[in-house]
Amino acid sequence: HKATPLENSQGKKSQHAEEANFYMDCRAAYLAVLKSSLENIRSREQLSLVLQQAGRNPSQKTINKYWTSQTTTLNFDDFCAILRKEKPATKTELLEAFGKIDTEKTGYILHEELYKILTTRGDKMTVDEVNTITEQADFNCSGKLDYNKFCALYLSTREQSCSTARARLQGDSRLRLQHFGNQAENPSEGITAPRISRKTEPKLPKGKSSRAPSSPSSAPGGRAAICTTLSVGASSNRSSRLMEPDTMKEWQCAQSKGCFYLEEDGEIISHKYRLHLPQRSSVCVTIRPFNAPQAEGESCCLAVDTALFILKENESQENLQLVGFTELQSKEMCGWKGELGPGIYWLLPFTTGCRLKKGKPPTPGEAKLLCRDEDGELALTKDFQAALLDVFETIDLDGNGLLSLEEYNFFELRTSGEKCDEEAWAVCKENFEMKRNELTRQGFLDLTLLEATEREGDPRDLWVTLLALGYNKALQMTQACPFVLAVHAERCKPRLRAVCLEAGGSQLSRALCSSVLSKEEARGLDGSDNILLHTYKSSSRITSVIENKSENKVIIHVNNEQSKNCLNNRGLTVFAVEVAPKSMMVCQHVVPLNEQEEWIYNCVHSLV
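In the annotation of an unreviewed UniProt entry, the entry for the protein chain reads EF-hand calcium-binding domain-containing protein 7, and the organism field reads Xiphorhynchus elegans. The Subcellular location (unreviewed entry) field of the UniProt record for the protein chain holds the comment "Cell projection, Cilium membrane".

Right, dumping it as structure tokens:
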């Protein structure tokens, strides 16, 4: 059945209405805590409160994900993006979670079992916090929790909180008009919640660019608009300007592996690096995907774009200055060449998120992780051992075939959220194979087997580890992308060290916007220099940045419907973004859907 024009129109209206309702709920929750949608969230406590107003129940792990050591504020755009990722639990999901504990399906869980689970697993609760649950008469009786009643009360309380916030917003005309302006009474047009992205594109040969009339047909409401058309050839036609490391054999080199990890909510995190140069030198910095071979010679790495930003540390870690980013390309390797003075630099990897994103792939059959050997002892299956050896290659950052405590702790933080201290590492040394106080591959396998044995062969914790590392149930790496970066210096020995594993944050966002603004000429969106569009093109990516120099916030409608063979990081062809006064933000990143074919970027930006 082919959809009729009427059905297509109705579908679009339904989608617009859904987006408008979502955006209204975002604002209702935000304004229940803050005075304005242009006011920033300034603490972890505020973030938790505003999420609760939106019907979420954030754990400490969730808060830590969005409020990192580098976070100072989050704006309304960030909050909308978080709500899109942190979906509220449904009744079915809640009952399924309780059902895994209540294996006999009685509808009840003993308080003793509840205490044991909530105080020892996951985001651990204190005994007092658990007491507040078990002491509620509405769903507790005779030392048991009636989890059906608990779920019903939880869901009704959540909906009541959201309804109260919506009612407050709808009852206050000042708040209701604060964001939508003259669009407030036209919810059918809908506004997609904006997301601040953290990526950029390398500079390579330019293609054709054309300017459309000030009000193209796809611009809503006849508003001022700009149409940008760029044509990019297939990857086989791209030229290379990157000096290969083989031509720098006399230069000194430092390198490290790392990985992009896709979180359950769609956030991308990666390792970040600190580079020390003892003296001024010509430098070449490169990054490329790392392909660890899997069984039958397959690659464990997705076809994900990689790039790198170089920032100079001045007086403090917070005061970083953009030096450059990887504009040059040779095959799958991106690089930057230039002269760097002595000092400390931060290397921030990034990927656009166009390909490394949440999807709905077919569910593969679940691989078997454990088996019994001839003596009846628990053992790792061959497939699981092969996957673990690939994991080892990825987390062995310096590539020396051994895991230091520092490298192992990146693994632990990613999979369990905790670190292994010196005392625990000493115990590992006594029980598992090590060399020079570093864990060997066999020691890593034996340590995993011990953990499985302690769980009496229950593979659930092993799956938690694998899923956190980007593997699916068929032991394929589909939600992560390992990479290798290298620094070659002509006149000194560079020192490179991975220092953290987290999202790019505001530093990368600012660096990205600054890099685009420094490379491309701006085009005025409103007939003046107040609202500027910056479009940056390379042979492999396109990035657009909106700069708002005015004293008022603006909403920009974005339409990609005429683009050909293109894929963007938002997953939507039509959306809108809000840009606060005196600020700038990434609008979107676009890459070719099929790199072997020409792709045409045709985007209309309209001022709403």
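Peer 1: Any chance you could break down the pattern of salt bridges for me, citing the residues and the numbers?
Peer 2: What the rule picks out here adds up to 17 salt bridges. The residue Lys 257 makes a salt bridge to Glu 393 at a minimum N-O spacing of 3.7 Å. Residue Lys 257 is located in strand S6 (residues 252–262), and its partner Glu 393 is located in helix H10 (residues 382–395); the two are separated by 136 residues in the primary sequence. Per residue, the accessibility class of Lys 257 equals that of Glu 393, and both read buried. Ionic pairing is found between Lys 272 and Glu 502, a salt bridge with its closest N-O pair at 3.4 Å. Here Lys 272 is found in strand S7 (residues 268–277), whereas its partner Glu 502 is found in strand S19 (residues 495–503), with 230 residues between them in sequence. Look at the salt bridges and you will find they share partners, linking Lys 257, Glu 393 and Arg 441 into a network.

Peer 1: Any details on the pairing of strand S23 (residues 554–559)? Residues and values, ideally.
Peer 2: With 6 of its 6 residues buried, S23 lies for the most part within the structure. Going residue by residue along S23, you find Val 554, Ile 556 and Val 558 tucked away on one face and Ile 555, His 557 and Asn 559 tucked away on the opposite face as well. Sheet topology note: the S23/strand S25 (residues 574–579) ladder contains 6 bridges and is antiparallel. Paired with Ile 556 across the two strands is Val 577, which belongs to S25.

Peer 1: I'd like a description of the nonpolar core, backed by residues and values.
Peer 2: Leu 369, Leu 439 and Phe 444 are the most contacted members of the largest nonpolar core, which totals 37 residues. When residues of this core are traced back to their parent elements, those giving at least two are S6, strand S15 (378–380), H10, helix H11 (405–415), helix H12 (422–431), helix H13 (441–454) and helix H14 (460–468). If you tally residues by element for this core, the top one is H10, at 6 residues.

Peer 1: Pulling in residues and values, what's your account of helix H15 (residues 505–519)?
Peer 2: End to end, H15 covers 22 Å across 15 residues, agreeing with the expected 21 Å (1.5 Å per residue, within 8%). The set of residues buried in H15 consists of Gly 505, Gln 507, Leu 508, Ser 509, Ala 511, Leu 512, Cys 513, Ser 515 and Val 516.

Peer 1: Give a description of the sheet that holds strand S26 (residues 583–592) that names residues and reports values.
Peer 2: Pairing in this open sheet of 5 strands is antiparallel, and the strands run S20-S21-S22-S26-S24 from one edge to the other. Both edges of this open sheet fall to strand S20 (523–524) and strand S24 (566–568), since each of them pairs with a single strand only. Sheet analysis places S20 next to strand S21 (residues 531–537), joined by 2 bridges and oriented antiparallel. From the neighbouring strand, Gly 524 faces S21, where its bridge partner is Leu 532.

Peer 1: Please provide a residue-by-residue account of the environment of Tyr 30, values included.
Peer 2: Residue placement: Tyr 30 occurs in helix H1 (residues 5–31). Residues Tyr 30 and Leu 49, spaced 19 residues apart in sequence, show a C-alpha to C-alpha distance of 9.2 Å. Not counting the four nearest positions on each side in its chain, Tyr 30 is found in contact with Ser 36, Ser 37, Glu 39, Asn 40, Ile 41, Val 50, Leu 74, Asn 75, Phe 76 and Phe 79. There is a polar contact of 3.4 Å between the side chain of Tyr 30 and the backbone nitrogen of Phe 76.

Peer 1: Go over the packing of H11 against H14, please, and point to the residues and values.
Peer 2: Following both chains from N to C, one finds H11 and H14 inclined at 105°, their axes separated by 9 Å at the closest point. Taken together, the axes of H11 and H14 lie roughly perpendicular to each other. Contact residues: Phe 411, Arg 414 and Thr 415 in H11; Val 464, Thr 465 and Ala 468 in H14. Residue classes in the contact of H11 with H14 are distributed as 3 nonpolar, 2 polar and 1 charged.

Calculation notes
- Residues numbered from 1 in each chain as written.
- Predicted model: local features only at pLDDT ≥ 70, side-chain atom pairs only at ≥ 80, totals over all residues.
- Heavy atoms only, no water.
- UniProt positions renumbered as here; feature names shortened; annotations may be inferred.
- Salt bridge = Lys/Arg side-chain N within 4 Å of Asp/Glu carboxyl O.
- Helix = DSSP H or I, 4+ residues; strand = E, 2+ residues; numbered from the N terminus.
- Buried < 20%, exposed > 50% of the residue type's maximum accessible area, 1.4 Å probe, protein only.
- Pairing = 2+ DSSP bridges.
- Core = buried A, V, L, I, M, F, W, Y, C linked by side-chain atoms within 4.5 Å.
- Expected span 1.5 Å × (residues − 1).
- Contact = heavy atoms within 4.5 Å.
- Polar contact = N/O pair within 3.5 Å; in protein donor to acceptor, adjacent residues only side chain to side chain.
- Axes fitted to C-alpha atoms, helices over the stretch in contact; angles between N-to-C directions.
- Parallel < 35°, antiparallel > 145°, perpendicular 65-115°, else oblique.
- Nonpolar A, V, L, I, M, F, W, Y, C, P; charged D, E, K, R; others polar.

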